[in-house]
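Chains, contacts and geometry: an overview
What follows is each chain in one-letter form.
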Amino acid sequence: MPETDPYFPTSGDPRYHVHRYELDLDYRPEPNRLSGTARLNAIAAEGGGQLAEFTLDLAAGFRLGRVLVNGKAPHYAHRAGKLRVRPAKPLAPGTAFTVEVHWTGNPKPVRSPWGGIGWEELDDGALVASQPIGAPSWYPCNDRPGDKASYQISLTTPSPYAVVLGGRLLTRTVKSSSTTWVYDQPAPTSSYLVGVAIGPLHQIRLDDPDAEGVPQYGWAPHARVPAFAAAFSRQPEMMGLFQELFGPYPFDRYTAVVVDEELDVPVEAQAMATFGTNHLEPGWQSERMVAHELAHQWFGNSLSVADWRHIWLNEGFAKYAEWLWSEASGAAPAAERAAKAYQLLASLPQDLRLADPGRRLMFDDRLYQRGGVTVHALRVVLGDEAFVRMLRDWTRLHRHSLVTTEAFLAHVRRYAAVPVDDLLQEWLFETALPAFPQ
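Residues numbered from 1 in each chain as written. Predicted model: local features only at pLDDT ≥ 70, side-chain atom pairs only at ≥ 80, totals over all residues. Heavy atoms only, no water.

With that out of the way, let us pick up the overall build of the protein chain. Helices and strands together make up the secondary structure of the protein chain, namely nine helices and 21 strands. C-alpha extents for the protein chain along the principal axes are approximately 65 × 55 × 40 Å. Buried residues in the protein chain amount to 58% of all 438 residues. Counting only contacts in the protein chain whose residues sit at least 6 apart along the sequence, the fraction spanning at least 24 positions is 69%. Per element, the accessible surface of the protein chain, about 17700 Å² overall, is 49% carbon and sulfur. In the protein chain, which carries 41 positive and 50 negative side-chain charges, the distance between the mean positions of the two groups comes to 7 Å. (Helix = DSSP H or I, 4+ residues; strand = E, 2+ residues; numbered from the N terminus. Buried < 20%, exposed > 50% of the residue type's maximum accessible area, 1.4 Å probe, protein only. Contact = heavy atoms within 4.5 Å. Areas by Shrake-Rupley, 256 points an atom, 1.4 Å probe, with all protein chains shown as cover. Lys, Arg positive; Asp, Glu negative; His and termini not counted. Charge placed at Lys NZ, Arg CZ, Asp CG, Glu CD.)

The next thing to look at is the sheet that holds strand E18 (residues 267-269). Sheet architecture is open: five strands sit in the order E15-E16-E17-E19-E18, paired in mixed fashion. Every interior strand has two partners, whereas the edge strands, strand E15 (202-205) and E18, have only one. Between one strand axis and the next, the sheet turns by 20° as a mean value, whatever way the strands run. Sheet topology places E15 next to strand E16 (residues 216-220); four bridges connect them, and they run antiparallel. In the sheet register, Gln203 faces E16, and the bridge partner there is Trp219. Sheet strands in contact with helix H3 (residues 284-295) are strand E17 (254-258), E18 and strand E19 (272-275), and its direction is about 150° off that of E19. (Pairing = 2+ DSSP bridges. Axes fitted to C-alpha atoms, helices over the stretch in contact; angles between N-to-C directions.)

Viewed as axis vectors pointing N to C, H3 and helix H4 (residues 312-328) meet at an angle of 130°, and their least axial separation amounts to 8 Å. When the axis of H3 is compared with that of H4, the two are oblique. Pair H3 / H4 crosses with right-handed handedness. Here H3 contributes Trp284, Glu287, Arg288, Ala291, His292 and Ala295 to the contact with H4, which in turn contributes Glu315, Ala318, Lys319, Ala321, Glu322, Trp325 and Ser326. (Parallel < 35°, antiparallel > 145°, perpendicular 65-115°, else oblique. Left-handed = near helix turned anticlockwise from the far one by under 90°.)

In this model, Gln131 is joined to Pro132 through a cis peptide bond whose omega is 0°. Locating Pro132 in the fold gives a position in the loop between strand E9 (125-129) and strand E10 (149-158). Of note, Asn70 is a non-glycine position whose phi angle comes to about 55°, a positive value. In this structure, Asn70 sits in the loop between strand E4 (63-69) and strand E5 (75-79). Residue Asn70 is classed as partly exposed on the basis of its relative accessible area, which comes to 40%. Positive phi outside glycine occurs at Ala271, with the angle close to 65°. Checked against the element boundaries, Ala271 lands in the loop between E18 and E19.

The next subject is the packing of aromatic side chains. Inspection of the entire model under this criterion finds 31 aromatic pairs. Seen from their ring centres, Phe242 and Trp298 are 6.1 Å apart, and the 90° between their planes marks the pair as edge-to-face. Of the two residues, Phe242 sits in helix H2 (residues 235-246) while Trp298 sits in the loop between H3 and strand E20 (303-305), which places them 56 residues apart along the sequence. A relative accessible area of 1% places Trp298 in the buried class. Here the aromatic rings of Tyr320 and Trp323 are separated by 5.8 Å at their centres, their planes lie at 80°, and the arrangement is edge-to-face. (Phe/Tyr/Trp six-rings, centres within 6.5 Å; stacked < 30°, edge-to-face > 60°.)

A few words on helix H6 (residues 365-382). Three- or four-residue spacings in an α-helix give side chains the same orientation, since the helix completes a turn every 3.6 residues. Taking 1.5 Å per residue, 18 residues should reach 26 Å; H6 reaches 26 Å between its end C-alpha atoms and fits that length. Burial analysis of H6 places 15 of its 18 residues in the buried class, which makes it a mostly covered element. Positive phi appears at Gly383, one or two residues downstream of H6, with a value of about 85°. (Expected span 1.5 Å × (residues − 1).)

Taken in spatial order, the four strands line up as E8-E9-E14-E11 in an open sheet, and their pairing is antiparallel. On the outer flanks of this sheet lie strand E8 (118-122) and strand E11 (162-165), each paired with one strand and no other. Each adjacent strand pair in this sheet contributes to an overall mean axis angle of 15°, direction not counted. Of the strand pairs in this sheet, E11 and strand E14 (residues 196-199) are connected by four bridges, and their pairing is antiparallel. Bridge pairing in E14 links Leu165 to Val196.

This next bit is on the pairing of E5. Across five bridges, E5 lies against strand E6 (residues 82-86) in antiparallel orientation. Looking at the pairing, Tyr76 lines up with Val85 of E6. Following E5, the chain reverses through two residues before pairing antiparallel with E6; Ala80 in that reversal takes a positive phi of roughly 55°.

Considering the arrangement of structural elements, one finds Thr156 in strand E10. Taking the relative accessible area as the measure of exposure, Thr156 reaches 12% and is therefore buried. Not counting the four nearest positions on each side in its chain, Thr156 is found in contact with Leu25, Asp26, Tyr27, Arg28, Ser178, Thr179 and Thr180.

Right, let's get into the nonpolar core. One finds Phe97, Trp103, Trp138, Tyr139, Phe242, Phe246 and Trp312 to be the most contacted residues of the largest nonpolar core, which totals 143 residues. Once residues lying within four places of it in the same chain are set aside, the contact partners of Phe246 are Ala295, Trp298, Phe299, Ala321, Leu324, Leu391, Arg392 and Thr395. (Core = buried A, V, L, I, M, F, W, Y, C linked by side-chain atoms within 4.5 Å.)

So, on to helix H7 (residues 384-397). Here H7 contains 14 residues, and its C-alpha end-to-end distance of 20 Å stays within 8% of the 20 Å for a straight helix at 1.5 Å per residue. Listed in full, the buried residues belonging to H7 are Ala386, Phe387, Met390, Leu391, Asp393, Trp394 and Thr395.

Of all twelve residues in strand E13 (residues 178-189), nine are buried; the element is thus mostly enclosed. The pairing of E10 with E13 spans nine bridges and is classified as antiparallel. Paired with Ile153 across the bridge in E13 is Tyr183. Bridge analysis of strand E12 (residues 168-175) against E13 gives seven bridges, and the strand direction is antiparallel. Looking at E13, one finds that Thr171 is bridged to Val182. What sits between E12 and E13 in their antiparallel hairpin is a turn of two residues, with Ser176 showing a positive phi close to 55°.

As structure tokens, this is what we get:
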């Protein structure tokens, strides 16, 4: 049976697995009021005995209506961000079951060591930024990255507002002053990667709709559309490059959203990324973020970490994707970008263990930079041809599933003409900075 995440042992419940969420939501921006019904199709874990009780993660501020398990009312209690459910009859290992939860309230970010995360009310609308434990700020879930499920989400808002989610828009139905948007995401999705943006947004197409390829959509406030089109003009080229290097794009479309506010960093979500108006400034800093978030669709979203100890597999590869784009687009070569990152790392404290950084350092900028240089070190030792083959096979073999550092090490060894264990030991498991790869 899976274990709890060592960085967030109170998040999620490994005693069961959700394979589908169906969310029916109504959101009113003016009072910031959310009401919803969640239907979860789940399976009790094997090897753990009968499931007499299980938990869902849901922020404490919501008021619960009805809770059902297999259509029957269970005993339940909701406090401290946990909905504890005791079915009328214990569930045998491997048994499929359904859970239905009705809730209402004013969604707000949940507290974390990095500030409030999750549902964020904007001046005119809302967005979701859930990494790593913010999903319970707006819906009941099994909130751990290793529990991936498909989603269908229906969200009703006042008609002036657009609703953007990562997935395929099935229907948009206008009734009087409200509009209901129904999206489907069939690919397995971690709870923190379910993205939402709500606001007065205008849609544009970023790719050529008459050409074969991945459909790429953009959403932005009407006044920001020209700046948006300029800032994202090279994204289709990035998509082409990354498919050459990383393998086929793992979803059926990609959506980039700009909300009418400044954001500290872009928001990663499955088949979607959300940016702030400050990310529309011309230049490398904005361009690299477009590349970074696109690369996460392979590294982080299709290939998801089994638990947060392995976060470098998300961020190191997304960082190196920035440098690969820089090289391919005629800007600085990846080796030059890596050398600058190395110089920065050498000037900072060397107390970060890349393969298991601990909760305190899991979003430290050194993890991103050292992760990128580590990937560059692998490229140097493998050579370009074997490096690309290794990457493409890695994403193909683990498409829509879970990955760990140990699995990656075993994978890399199969592509190396010389032993790489010492190199990987130094970069991944020791804190001192190894020599720069030449």
